[in-house]
Amino acid sequence: MSDQAVLHVKGRVLAGPEDVRDELWVVGGRISYDRPAGARDVRTVAGWALPGLVDAHCHVGLDAHGPVDAATAEKQALTDREAGTLLIRDAGSPSDTRWIDDRDDLPKIVRAGRHIARTRRYIRNYAWEIEPDDLVAYVAQEARRGDGWVKLVGDWIDRDLGDLAPCWPREAVDAAIAEAHRLGARVTAHCFAESSLRDLVEAGIDCIEHATGLTEDLIPLFAERGVAIVPTLVNIATFPRLAEGGDKRFPRWSAHMRRLHERRYDTVRGAYDAGIPVYVGTDAGGSLAHGLVAEEVAELVTAGIPPVEALSATSWGARAWLGRPGLEEGAPADLVVYEADPRADVRVLAAPRRVVLSGHVVE
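Residues numbered from 1 in each chain as written. Predicted model: local features only at pLDDT ≥ 70, side-chain atom pairs only at ≥ 80, totals over all residues. Heavy atoms only, no water.

Caption draft 1: The arrangement of a positive patch on the surface in detail. On the surface, a cluster of positive charge is contributed by Arg120, Arg124, Arg159 and Arg249. Its location among the elements puts Arg124 in the loop between strand E10 (116–118) and strand E11 (128–130). (Patch = residues over 30% accessible without salt bridge, like charges linked within 9 Å, V, L, I, M, F, W, Y side chains within 5 Å. Areas by Shrake-Rupley, 256 points an atom, 1.4 Å probe, with all protein chains shown as cover. Salt bridge = Lys/Arg side-chain N within 4 Å of Asp/Glu carboxyl O. Lys, Arg positive; Asp, Glu negative; His and termini not counted. Charge placed at Lys NZ, Arg CZ, Asp CG, Glu CD. Helix = DSSP H or I, 4+ residues; strand = E, 2+ residues; numbered from the N terminus.)

Caption draft 2: Region of the structure containing the sheet that holds strand E4 (residues 42–51). What the seven strands build is an open sheet, ordered E3-E2-E1-E4-E18-E19-E20; its pairing is mixed. The open sheet terminates on both sides in strands that have one partner only, identified here as strand E3 (30–32) and strand E20 (360–362). Averaged over all pairs of adjacent strands, the angle between their axes in this sheet comes to 40 degrees, without regard to strand direction. For strand E19 (residues 354–357) and E20, the ladder comprises three bridges, and the chain directions are antiparallel. Among the inter-strand pairings, Val355 is bridged to a residue of E20, identified as Val362. (Pairing = 2+ DSSP bridges. Axes fitted to C-alpha atoms, helices over the stretch in contact; angles between N-to-C directions.)

Caption draft 3: Main features of the nonpolar core. Judged by nonpolar contacts, the single largest core of 79 residues is most densely connected at Leu135, Ile205, Ile208, Phe222 and Leu300. Not counting the four nearest positions on each side in its chain, Ile208 is found in contact with Thr188, Ala189, Cys191, Leu197, Leu200, Phe222, Val227, Ala228, Ile229 and Val230. (Core = buried A, V, L, I, M, F, W, Y, C linked by side-chain atoms within 4.5 Å. Buried < 20%, exposed > 50% of the residue type's maximum accessible area, 1.4 Å probe, protein only. Contact = heavy atoms within 4.5 Å.)

Caption draft 4: Just helix H7 (residues 239–246), in detail. The complete set of buried residues in H7 reads Phe239, Ala243 and Gly246. The buried residues of H7 occupy an angular sector of 65 degrees when the element is viewed end-on, so they sit on one face. Residues of H7 that are exposed and point over 90 degrees away from its buried face: Arg241, Glu244 and Gly245. If you follow the buried residues of H7, they end up packed against helix H6 (233–236) and helix H8 (251–262). (Arc of directions from axis to C-beta.)

Caption draft 5: Examining the pairing of strand E5 (residues 53–58) more closely. Buried residues dominate E5, accounting for six of its six residues. Sheet topology places E5 next to strand E8 (residues 85–90); four bridges connect them, and they run parallel. Bridging from a neighbouring strand, Leu53 pairs with Thr85 of E8.

Caption draft 6: Looking closely at unusual backbone geometry. Unlike most non-glycine residues, Asn125 shows phi in positive territory, near 75 degrees. For Asn125, the location among the structural elements is in the loop between E10 and E11. Of note, Ala211 is a non-glycine position whose phi angle comes to about 55 degrees, a positive value. By the element assignment, Ala211 lies in the loop between strand E16 (207–210) and helix H5 (219–225). With a relative accessible area of 1%, Ala211 lands in the buried category.

Set out below in structure tokens:
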């Protein structure tokens, strides 16, 4: 022990929303609340410590055109790290990013495999594009390749209809989600509109991404089934621009997108008030930049979620939901230190003082 470098974090350690401790120690890359005996090489970091932030909807290895090379994926992961995001649920990527698991200087990733979409009903080069008869087989494939999650594209624009529409018939959804659960994977789905939600939730889905179509009549169903949402409000902010681009060719779709955008805050607040779990996700890696986690937390607060609950949606609560530890005895030392209490003002998250990943202070 005496020959081992030790990190001493002191000030205020937010092990939970109300579990505030004076200090913690990092020995061998892991957290301890007991001062190590005989430690000589000690580095001290002071401030308000929080578990490494979670971005529960992020795409490392993907950009607006499809898969990217390893150097670009590394830059994406480093950008997230600098923002304090140390745990990512990669909600669909066509790139193989398993090499990141061997790097203790990059965020930890929980993968959902590659998106599964209906033929010609999603962004080109992103997803496996298939028909309903193949859905169960592809869900099984991605359940085995992922880290306990599978990502479906639940709705997208139907060019014949000129508006958003469900991608899958109910019987295909029922069978696919059952197969994922049989293999031990949870299922999430991209959903903008209202029309796909009931079938997905009644089929047993675990999470909905974006969830802009969540209406008053559907909220009780989500709450009863415990289906989480990841609103990605920093992405929803782009809807007016998207709608403008579709005004001439798809006016019905454009008007729909504007309505979803206009009620976005009411939608999120209504979900929260009903007890639906809400988590932070930025949708980085498509057309959005990485490193936006602080902006997304601020957006949840703007929507009316109390600051401590918005903070939990990217820290204690999000980590528990993904089955990953926080600042617990013996846990990997992944934490972020701030100048002030982020519970009092979530804008503090935009300026990490120190980032500690795998027990090492990131310089």
